[in-house]
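A structural walkthrough
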Amino acid sequence: MGAFSTSPQRAIARSGEPAASESSRWWTILARTTAWLIFVGGLVGAVLGIAGLRVEITVAGLILACTAGLILLKLRADAAAAAEKH
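The structure displayed is predicted, hence computed values, not measured ones.

Topic: helix α1 (residues 21-51)
The end-to-end C-alpha distance of α1, which contains 31 residues, comes to 45 Å, matching closely the 45 Å that a straight helix rising 1.5 Å per residue would cover. Where α1 is concerned, the buried positions are Ala 35, Gly 42, Gly 45, Ala 46 and Gly 49. Against α2 (55-85) lie the buried residues of α1. At the exit of α1 stands Leu 53, carrying a positive phi of roughly 55 degrees.

Concerning a nonpolar patch on the surface
A cluster of nonpolar side chains, Trp 36, Val 40, Val 44 and Leu 48, forms an exposed patch at the surface whose accessible area comes to about 400 Å². Mapping Val 44 onto the fold places it in helix α1. Overall, the relative accessible area of 43% leaves Val 44 in the partly exposed class.

A few points about the environment of Cys 66
Its place among the elements puts Cys 66 in helix α2. Cys 66 sits in the partly exposed class, given a relative accessible area of 49%.

Thresholds applied
- For every chain, the first residue of the written sequence is number 1, and numbering continues from 1 onward in sequence order.
- In view of the model being predicted, local features appear only for residues whose pLDDT reaches at least 70, and side-chain atom pairs are presented and counted only at 80 or more, with totals across whole chains, interfaces and linings using the full set of residues.
- Side-chain numbers come from the whole structure's heavy atoms, not from hydrogens or water.
- The helix and strand labels rest on DSSP assignments: H or I over at least four residues marks a helix, E over at least two residues marks a strand, and numbering proceeds from the N terminus.
- Here a helix's expected span is defined as the number of its residues, less one, multiplied by 1.5 Å.
- Note on exposure labels: buried denotes an accessible area under 20% of the residue type's maximum, exposed denotes more than 50%, and partly exposed covers the range between, all computed with a 1.4 Å probe on protein chains only.
- Contacts are residue-level and defined by heavy atoms, with any inter-residue pair within 4.5 Å sufficient.
- Only residues whose relative accessible area exceeds 30% and that form no salt bridge are eligible for patches; like-charged ones are grouped when within 9 Å, while nonpolar side chains (Val, Leu, Ile, Met, Phe, Trp, Tyr) are grouped when within 5 Å.
- Surface accessibility follows the Shrake-Rupley procedure with a 1.4 Å probe radius. Residue values consider only the protein chains on display as shielding.
- For this document, the term salt bridge refers to a Lys or Arg side-chain nitrogen within 4 Å of an Asp or Glu carboxyl oxygen.

This is the structure:
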């Protein structure tokens, strides 16, 4: 299972430049923005669930926040690994 937890290597052009740097940059921005929105939405949902004493809403909000947080950590680790290569 550990073999599937790493991200795939990005395509590198022969000149050493990233093959799709512009599109990958926009993809990263879009992914981070979406993950942050889901993270904040999950936290808000959890707080509202706690305030309303609704267990299902609280659990759903916490699941969303935790999943989005893990995705944000993965994106951050990928960015750090890409910065080390260059």
